[in-house]
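Reading the structure
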Amino acid sequence: MSKYDVTALGELLIDFTENGISSQGNPVMEANPGGAPCNVLAMLNRLGHKAAFIGKIGQDMFGDQLEKALLEVGIETRGLKKDEEVHTTLAFVHTLEDGDREFSFYRKPGADMMLSCEDLDEDLIKNSTIFHYGSLSMTDEPCKSAQKKAVEIAEEAGCLMSFDPNLREPLWSSLDDAHREIEYGMQHCNILKISDNEIQWFTGKEDFDEGIAVIKEKYDIPLILLSMGRDGSRAYTKNCRVEVPAFIQENTIETTGAGDTFGACILHYVLEHGWKEYTEEELKEMLTFANAAASIVTTRKGALRVMPTKEEVEAIL
């Protein structure tokens, strides 16, 4: 038995989200704890799993806020390091008319980029059932080398490997770099969670099924999950392709964290049912729960602290 169900490595940052206009007409920003890997872990914790994080924050007020938030939602923080020189990474999120988002990052450098091979808690990785990672830790050194070393340790330990490309174009010096590193991520995962725009960008195919076929052929990933926002989601295995519609919420305010919530629910299903070749019925059940949970998060501000409980998800099913 592993000590941790899921250990994730990556960025932990402050998402400044718009929260109205001041009396002087200035945008009021709310400092929300964020970063995809910890959103995933927060949801897993909500569903009763033991989750641990590996990453770096600054020795500053925002770093303190983030550490406190992780402890509050029950994420193991022994893999969390602090940088005395470099400040905590900040992201400013601008919500567009259609509900989509634009990001401005303050990260040249940001503390999350400073995670080094020496910072890794190897025991944490080895004692996990699933190791989850994204691409943001592969934009720069030293975190790129640290992530690759962590992937190596996890593979050697026999962890199930879960990858979410989570493409953030402004953070890459070139999209060719992004493509190369995301390709690395795909070469090492058993579970891939990818979004509609990412699959189109990565494969150059407008049709999602064609794009997934390219990835299946090239990387032989046993379980691929495609999130399509309002259009629901799909799961692809060797023998199946299953699609489930989204739960559309009337009071959606923002989509921050919806994809992470969805991804966490997939890992929850794998942990609950074991790693195997899933039937069409099982994939449908997996996607339905994940879509429902993701829809709830869109009705709440922020993500990490406001993940739904199992009961809340089951209530809308």
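Use the structure listed above.
This one's a predicted model, so the numbers in the text were calculated from it and none came from an experiment.

What counts as what
- Residues numbered from 1 in each chain as written.
- Predicted model: local features only at pLDDT ≥ 70, side-chain atom pairs only at ≥ 80, totals over all residues.
- Heavy atoms only, no water.
- Helix = DSSP H or I, 4+ residues; strand = E, 2+ residues; numbered from the N terminus.
- Expected span 1.5 Å × (residues − 1).
- Buried < 20%, exposed > 50% of the residue type's maximum accessible area, 1.4 Å probe, protein only.
- Phe/Tyr/Trp six-rings, centres within 6.5 Å; stacked < 30°, edge-to-face > 60°.
- 1 Å grid on protein atoms, 1.4 Å probe; cavity = no way out; pocket = protein on both sides within 12 Å on 5 of 7 lines; lining within 4 Å.
- Points joined across faces, edges and corners; volume = space filled by probe spheres on them.
- Nonpolar A, V, L, I, M, F, W, Y, C, P; charged D, E, K, R; others polar.
- Pairing = 2+ DSSP bridges.
- Axes fitted to C-alpha atoms, helices over the stretch in contact; angles between N-to-C directions.
- Contact = heavy atoms within 4.5 Å.
- Polar contact = N/O pair within 3.5 Å; in protein donor to acceptor, adjacent residues only side chain to side chain.
- Parallel < 35°, antiparallel > 145°, perpendicular 65-115°, else oblique.
- Left-handed = near helix turned anticlockwise from the far one by under 90°.

The end-to-end C-alpha separation of helix α8 (residues 258-273) is 23 Å, in line with the 22 Å expected for 16 residues at 1.5 Å each. For α8, a buried count of 12 out of 16 residues is recorded, marking the element as mostly surrounded by other parts of the structure. Within the sequence span of α8, burial applies to Ala258, Asp260, Thr261, Phe262, Gly263, Ala264, Cys265, Ile266, Leu267, His268, Tyr269 and Val270. Where α8 terminates, the next one or two residues include glycine 274, which has phi positive at roughly 85°.

Attention shifts here to the packing of aromatic side chains. Under the criterion given, the structure shown has 10 aromatic pairs. Taking 5.9 Å as the distance between ring centres and 20° as the angle between the ring planes, the aromatic pair formed by phenylalanine 131 and tyrosine 133 counts as stacked. Residue classification places phenylalanine 131 among the buried positions, given a relative accessible area of 0%. Given a relative accessible area of 1%, tyrosine 133 falls into the buried group.

Turning next to empty space enclosed by the protein. All chains considered together, the criterion is met by 2 cavities of 30 Å³ or more. Approximately 60 Å³ is the volume found for the largest cavity. Around the largest cavity sit Glu11, Ala36, Pro37, His132, Tyr133, Gly134, Ser135, Leu136, Asp164 and Asn166, which together line it. Among the residues forming the lining of the largest cavity, the class breakdown is 4 nonpolar, 4 polar and 2 charged. Considering only enclosed or pocket space, the second largest cavity measures out at about 30 Å³ in volume. Lining the second largest cavity, in full, are His132, Ser162, Ile191, Lys193, Leu225, Gly263, Ile266 and Leu267. Elements that contribute at least two residues to the lining of the second largest cavity include exactly β10 (191-195) and α8. Of all the elements, α8 adds the most residues to the lining of the second largest cavity, at 3 residues. Across the lining of the second largest cavity, the residue classes tally to 4 nonpolar, 3 polar and 1 charged.

Our focus in this paragraph is the sheet that holds strand β4 (residues 51-58). Strand order across the open sheet formed by 9 strands is β5-β4-β1-β8-β9-β10-β11-β12-β13, with mixed pairing between neighbours. Where the open sheet ends on each side, the last strands, each with one partner, are β5 (76-83) and β13 (241-244). Taking each pair of neighbouring strands and ignoring which way they run, the sheet shows an average axis angle of 15°. Two strands pair when backbone bridges link them, and strand β11 (residues 223-227) and strand β12 (residues 233-236) are joined in this way by 4 bridges, in the antiparallel orientation. Following the sheet pairing, isoleucine 224 is matched in β12 by tyrosine 236. Its contacts with the sheet place helix α5 (residues 175-187) against β8 (128-134), β9 (160-164) and β10, and it is angled at close to 150° to β9. Across the sheet, helix α7 (residues 208-219) is in contact with β10, β11, β12 and β13; its angle to β12 comes to roughly 30°.

Across the sheet, 4 strands lie side by side as β3-β2-β6-β7; this open sheet has mixed pairing. Where the open sheet ends on each side, the last strands, each with one partner, are β3 (27-34) and β7 (101-106). Going across the sheet, the axis of each strand differs from the next one's by a mean of 30°, ignoring polarity. Of the pairings in the sheet, the one linking strand β2 (residues 13-21) to β3 comprises 7 bridges and is antiparallel in character. Bridge pairing in β3 places isoleucine 21 opposite proline 27. Helix α2 (residues 61-72) contacts β2, β3 and β6 (90-95) of the sheet and is inclined by roughly 50° relative to β3.

Let us now look at the side chain of threonine 298. By the secondary structure assignment, threonine 298 is in the loop between α9 (280-297) and α10 (310-316). Among the polar contacts listed, one links the side chain of threonine 298 to the backbone oxygen of serine 295, at a separation of 2.6 Å. With near-sequence residues (within four places) excluded, threonine 298 lies in contact with Gln249, Asn251, Thr252, Ile253, Glu254, Thr255 and Ala258.

A few words on the pairing of β13. Only one face of β13 is buried, namely the one carrying Val242 and Val244, since none of Arg241 and Glu243 on the opposite face is buried. One ladder, built from 4 bridges, connects β12 with β13; its direction is antiparallel. Paired with arginine 234 across the bridge in β13 is glutamate 243. Two successive antiparallel strands, β12 and β13, enclose a turn made up of 4 residues.

Between helix α1 (residues 36-46) and α8, the least distance of the axes is 8 Å, while the angle of their chain directions is 50°. One way to sum up the angle between α1 and α8 is to call them oblique. Between α1 and α8 the crossing geometry is right-handed. Where α1 abuts α8, its residues Ala36, Asn39, Val40, Met43 and Leu44 lie against Asp260, Thr261, Ala264, Cys265, Leu267, His268 and Leu271. A breakdown of the residues in the contact of α1 with α8 according to their chemical character gives 8 nonpolar, 3 polar and 1 charged.

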